[in-house]
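# A look at the structure
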Amino acid sequence: MPSFDTVCEADFVEVKNAVDNAAKEIGTRFDFKGTSAAVELKDKEITMFGDAEFQLQQVEDLLRNKLTKRNVDVRFLDIQKAQKIGGDKVKQVIKVKNGIESELAKQLQKLMKESKLKVQAAIQEEKVRITGAKRDDLQEAMALIRKDLAEHPLSFNNFRD
């Protein structure tokens, strides 16, 4: 039976490259000389450091620019609130989304049921597998997901005939 998986996965190689490029540019830019501005990637979290919230905003803009140049969707970023760390320094954590949250998976499943398409959606850990009798139904399901859930960076893989 034809099927495909709906996933929410960032390309972590490109994310790492973008963070490395941003860190390199922070080291060379004149307006960041002598400050604690920095950006680093650990596991699936990007941490930005700065002297003030304004500087964090500059680092975030630089990081978004580097991610966009590397074709990483910025909708994968879950930006947390800035925190004060010792003295006048601040840090901000950005979580990189990976996997479909259960709430979104249920919303996706409900969308497939209400669409009257002859497809079934099954939640499998951090992805949603959609199966149907015909390829055309699956392609309609993909178009519907792209249209109705455009605010989420969903992609499709593992298409089987």
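Below: a short report on this structure.

Cut-offs used in this document
- Residues numbered from 1 in each chain as written.
- Predicted model: local features only at pLDDT ≥ 70, side-chain atom pairs only at ≥ 80, totals over all residues.
- Heavy atoms only, no water.
- Helix = DSSP H or I, 4+ residues; strand = E, 2+ residues; numbered from the N terminus.
- Buried < 20%, exposed > 50% of the residue type's maximum accessible area, 1.4 Å probe, protein only.
- Contact = heavy atoms within 4.5 Å.
- 1 Å grid on protein atoms, 1.4 Å probe; cavity = no way out; pocket = protein on both sides within 12 Å on 5 of 7 lines; lining within 4 Å.
- Points joined across faces, edges and corners; volume = space filled by probe spheres on them.
- Nonpolar A, V, L, I, M, F, W, Y, C, P; charged D, E, K, R; others polar.
- Salt bridge = Lys/Arg side-chain N within 4 Å of Asp/Glu carboxyl O.
- Phe/Tyr/Trp six-rings, centres within 6.5 Å; stacked < 30°, edge-to-face > 60°.
- Axes fitted to C-alpha atoms, helices over the stretch in contact; angles between N-to-C directions.
- Parallel < 35°, antiparallel > 145°, perpendicular 65-115°, else oblique.
- Left-handed = near helix turned anticlockwise from the far one by under 90°.
- Pairing = 2+ DSSP bridges.

### Here's the deal with the side chain of Glu60
Note on placement: Glu60 falls in helix α2 (residues 53-69). Judged by relative accessible area, Glu60 falls into the buried class, the value being 9%. Setting aside anything within four residues of it in sequence, one finds Glu60 in contact with Met48, Ile79 and Gln92.

### Looking at empty space enclosed by the protein
Summed over the entire model, instances satisfying the criterion amount to one cavity of 30 Å³ or more. Within this model, the largest cavity holds a volume of roughly 40 Å³. Each residue belonging to the lining of the largest cavity can be placed in one class, and the counts come to four nonpolar, two polar and two charged.

### What to know about the pattern of salt bridges
Tallying each qualifying case throughout the model produces 14 salt bridges. Close ionic contact of Asp73 with Arg75 constitutes a salt bridge, the shortest N to O distance being 2.6 Å. The partner of Lys89 in a salt bridge is Asp88, and the shortest N-O contact between them spans 3.8 Å. Using a relative accessible area of 31% as the deciding quantity, one classes Lys89 as partly exposed. Connected through shared salt-bridge partners, Glu25, Arg29, Asp31 and Lys66 make up one network.

### Some words on the packing of aromatic side chains
Remark: the centre distance and the inter-plane angle together describe each pair of aromatic rings, the angle taken between the planes. According to the stated counting rule, one finds two aromatic pairs in the structure shown. Here the aromatic rings of Phe4 and Phe156 are separated by 5.4 Å at their centres, their planes lie at 90°, and the arrangement is edge-to-face. Of the two residues, Phe4 sits in strand β1 (residues 3-7) while Phe156 sits in strand β9 (residues 155-160), which places them 152 residues apart along the sequence. Accessibility classification places Phe4 together with Phe156 in one group, the buried group. Between Phe4 and Phe159, the aromatic rings sit 6.3 Å apart at their centres with planes inclined by 5°, giving stacked as the arrangement.

### Notes on the packing of helix α3 (residues 102-114) against helix α4 (residues 135-148)
Axis separation between α3 and α4 bottoms out at 11 Å; the angle between their running directions is 125°. When the axes of α3 and α4 are compared, the pair comes out oblique. For the element pair α3 and α4, the recorded crossing hand is right-handed. Of α4, the residues touching α3 (which contributes Leu108, Leu111 and Met112) are Ala141, Leu144, Ile145 and Asp148.

### A short note on the pairing of strand β6 (residues 90-96)
In terms of burial, β6 is a largely internal element, five of the seven residues being buried. Alignment of strand β3 (residues 45-50) against β6, held across six bridges, turns out to be antiparallel. Bridging from a neighbouring strand, Gly50 pairs with Val90 of β6. In the sheet, strand β4 (residues 77-79) pairs with β6 via three bridges, with the strands oriented antiparallel. Looking at the pairing, Asp78 lines up with Lys95 of β6. Summarising the sheet, strand β5 (residues 83-84) and β6 pair through two bridges and their orientation is antiparallel. By the bridge assignment for β6, Gln83 is matched with Lys91. Between β5 and β6, which pair antiparallel and follow one another directly, the connecting turn spans five residues, one of which, Gly86, has a positive phi of 45°.

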